[in-house]
Amino acid sequence: MLTTEAQVQTEKPGRYLAQFCRHASQMGGRLRHRPRGHGGGGTRPEMRHVEWSETSGSLILNWGQCILQATPGTLTLRAEAADAENLTRIQDLVTERLEKFGRRDHLTVAWRRTPAAGNPGGPVGD
């Protein structure tokens, strides 16, 4: 499983977590609108399950999953997928939506690879 993480600095992490998860849950199965720049060459994501609270959320898609965690001053995002192509798709989807929701607050999502499970601190292979 490939994993990346982003820590988004914001004064409203819980608000953005809820807004993003609410939006994702309204997508239901397949997206009803044409996705823009999701790195999949037109492949549309299928939202399989979304749940959230004030401090955490999770999205399960046909491409993988994204876990969200709100702590004071930070919204942490963790994307997981079986391959690099689907990981990029999830990152693009999450980045596009969150940066759009947070454009007034100038939210910026910058992903970084995390070590592979069972190999903390070691090199991350694709």
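Residues numbered from 1 in each chain as written. Predicted model: local features only at pLDDT ≥ 70, side-chain atom pairs only at ≥ 80, totals over all residues. Heavy atoms only, no water.

## Structural notes on the sheet that holds strand S3 (residues 56-61)
Step number 1: With respect to topology, six strands assemble into an open sheet ordered S2-S3-S4-S5-S1-S6, the strand pairing being antiparallel. Edge strands, defined here as strands with exactly one partner in the open sheet, are strand S2 (47-52) and strand S6 (112-113).
Step number 2: With seven bridges connecting them, strand S4 (residues 64-71) and strand S5 (residues 74-81) associate as antiparallel partners. Looking at the pairing, Cys 66 lines up with Ala 79 of S5. (Pairing = 2+ DSSP bridges. Helix = DSSP H or I, 4+ residues; strand = E, 2+ residues; numbered from the N terminus.)

## So, helix H2 (residues 84-101)
Step number 1: Taking 1.5 Å of rise per residue, 18 residues should cover 26 Å, and H2 covers 26 Å from first to last C-alpha, within 8% of that figure.
Step number 2: By the burial criterion, the buried members of H2 are Asn 86, Leu 87, Arg 89, Ile 90, Gln 91, Leu 93, Val 94, Thr 95, Arg 97, Leu 98 and Phe 101.
Step number 3: For H2, the elements touching its buried residues are strand S1 (2-9), helix H1 (13-27), S3, S4 and S5.
Step number 4: Capping the start of H2, Asp 83 holds a side-chain oxygen 3.2 Å from the backbone nitrogen of Glu 85, two or three residues further along. (Expected span 1.5 Å × (residues − 1). Buried < 20%, exposed > 50% of the residue type's maximum accessible area, 1.4 Å probe, protein only. Contact = heavy atoms within 4.5 Å. Polar contact = N/O pair within 3.5 Å; in protein donor to acceptor, adjacent residues only side chain to side chain.)

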